[in-house]
Amino acid sequence: MKLALVTGAGSGIGKAIALGFAARGDRVIAADIDEAAAKATAQAHPELITALPVDVADRAQVDTLRDRAHSEVGVPNVVVNAAGWDRTDQFLNATTEFAEKVVAINYLGPVHICSAFLPGMIEAGGGGRVINLASDAGRVGSAGETIYAGAKGGVIALTKSLAREMARYAITVNCVCPGPTDTPLFAAQPEKLREALVKAIPFRRLARPEEVAAPVLFFASDPASFITGQVISVSGGLTMAG
């Protein structure tokens with residue numbers, strides 16, 4: 001049985017990942033800025049999922065999450081950075097406050113979580129898994145999401161660099177890049193943009209959150225023990241980056 005920390009577990013892809021771990025019998029710490037949403041996720045498997053609040057952009061809150069997780073549940077041997085946020089608009093319309101929020105949540109959030117939890121994983125020994133959720137926007141760019149794409153590109157580079165540093169501890173670090181997915185974040189985008197993206201996907205539909213969760217669960221599994229520093233897209237063929 002693994003113990004997985006999943007951020008952004010209150011909805012969308014993060015929720016699907018948390019439920020996927022629980023469905024196979026793993027313990028889960030479902031962390032989200034919306035504590036009520038995290039608790040709703042936990043209700044599906046109350047014997048396996050513990051809900052805890054966190055704003056990943058706030059390092060003090062991340063440290064509190066770590067301390068509570070360690071004392072109330074244990075030291076996770078799987079960390080999944082699934083929390084994210086964005087709002088579609090042209091780059092020239094972006095305010096400094098908006099840019100800082102996007103970077104704080106989407107890039108510094110994973111940095112804070114890894115910095116807080118990796119020492120405990122290393123001390124516990126036995127290896128571990130880190131899976132970061134980036135975006136295909138970070139691989140090929142996305143008009144109207146320029147700052148978000150830059151932050152997610154940073155997550156991809158963070159994954160590869162951290163994988164090199166963590167190899168000595170038998171901790172793998174991999175990245176999953178979703179394309180357009182049926183989540184509350186996507187539903188908040190302008191209708192014309194949503195329709196255009198669906199038409200551009202070869203499968204002509206959005207990804208389901210559980211389809212994005214599947215490679216996350218694989219990266220956390222025993223058969224993936226010799227895979228690290230890798231990036232996989234789940235986009236229905238929308239992006240085919242090398």
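Scroll up for the structure.
Summary of the structure given here. Since the structure is predicted, the reported quantities are computational estimates derived from the model, not experimental observations. Within any chain, residue numbers begin from 1 and follow the written order of that chain's sequence. In keeping with the model being predicted, local features are shown solely for residues with a pLDDT of at least 70 and side-chain atom pairs are shown and tallied solely at 80 or more, while totals for entire chains, interfaces and linings include all residues. In computing side-chain properties, one takes all heavy atoms of the structure into account and sets aside hydrogens as well as water.

**Some points on helix α2 (residues 35-42)**
Threshold: Buried, partly exposed and exposed residues are distinguished by accessible area as a fraction of the type maximum, computed with a 1.4 Å probe on protein chains only: under 20%, between the cut-offs, and over 50%, respectively. Numbering of helices and strands runs from the N terminus; a helix is a DSSP stretch of H or I covering at least four residues, while a strand is a stretch of E covering at least two. Our arc is simply the arc of the directions from the helix axis toward the C-beta atoms. By definition in these notes, contact holds between two residues if any of their heavy atoms fall within 4.5 Å. Side-chain atoms alone can form a polar contact between residues adjacent in sequence; in general such a contact is a pair of N or O atoms within 3.5 Å, and within protein one must be able to donate a hydrogen while the other accepts it.
Among the residues of α2, those classed as buried are A37, A38, T41 and A42. Seen end-on, α2 carries its buried residues on one side only, within an arc spanning 145°. Those residues of α2 that are buried lie in contact with α1 (12-23), β2 (27-32) and β3 (49-53). At the N-terminal end of α2, a side-chain oxygen is found 3.2 Å from the backbone nitrogen of A36, two or three residues along, and the residue is D34.

**Details of the layout of surface pockets**
It is a probe the size of a water molecule, rolled over the atoms, that shows where empty space is left. Short version of the rule: A 1.4 Å probe that fits but cannot get out identifies a cavity on a 1 Å grid over protein atoms alone, an open set with protein on both sides within 12 Å along at least five of seven lines counts as a pocket, and a residue lines either if it has an atom within 4 Å of a point. Grid points are joined across faces, edges and corners, and a volume is the space filled by probe spheres set on the points. Basically, the charged four are Asp, Glu, Lys and Arg, the nonpolar ten are Ala, Val, Leu, Ile, Met, Phe, Trp, Tyr, Cys and Pro, and anything else, Gly included, counts as polar.
The calculated volume of the largest pocket comes to roughly 1,000 Å³. Along its surface, the largest pocket is lined by 46 residues, and G84, W85, Y148, T183 and L185 are the ones closest to its centre. The residue makeup of the lining of the largest pocket, split by class, is 23 nonpolar, 17 polar and six charged.

**Considering the sheet that holds β2**
To be explicit about the condition: Criterion used throughout: strands pair if DSSP finds at least two bridges between them. For helices, the fitted line uses only the C-alpha atoms of the stretch in contact; every axis is such a line through C-alpha atoms, and the angle between N-to-C directions lies from 0 to 180 degrees.
Taken in spatial order, the seven strands make up an open sheet running β3-β2-β1-β4-β5-β6-β7, and their pairing is parallel. Strands at the two margins of the open sheet, each flanked by one partner only, are β3 and β7 (231-234). Strand-to-strand twist in this sheet, taken as the mean axis angle between neighbours without regard to direction, amounts to 20°. One ladder, built from three bridges, connects strand β1 (residues 3-7) with strand β4 (residues 78-81); its direction is parallel. The residue of β4 that forms the bridge with L5 is V79. Helix α3 (residues 59-72) rests against β1, β2 and β3 of the sheet, and its axis sits at about 155° to β3. Strands β5 (128-133), β6 (171-178) and β7 of the sheet are contacted by helix α6 (residues 146-166), whose axis makes an angle of about 165° with β6.

**Remarks on the environment of A37**
As for its placement among the helices and strands, A37 is situated in helix α2. Considering only alpha carbons, one finds A37 and P53, 16 residues apart in sequence, at a separation of 9.6 Å.

**Re α3**
The cut-off we apply is this: Between the first and last residue of a helix there are one fewer steps than residues, each counted as 1.5 Å, and that sum is the expected span.
Counted at 1.5 Å a residue, the expected span for α3 with its 14 residues is 20 Å, and the 20 Å between its end C-alpha atoms agrees. Where α3 is concerned, the buried positions are V62, L65 and A69. One side of α3 holds all its buried residues, which, seen down the axis, span an arc of 55°. Opposite its buried face, α3 presents the exposed residues A60 and S71, each directed more than 90 degrees away. Residues of α3 that are buried in the fold lie against β1, β2, β3 and α4 (96-124). Its side-chain oxygen placed 3.0 Å from the backbone nitrogen of A60, D58 serves as the N-cap of α3. G74 lies just past α3 and shows a positive phi near 145°.

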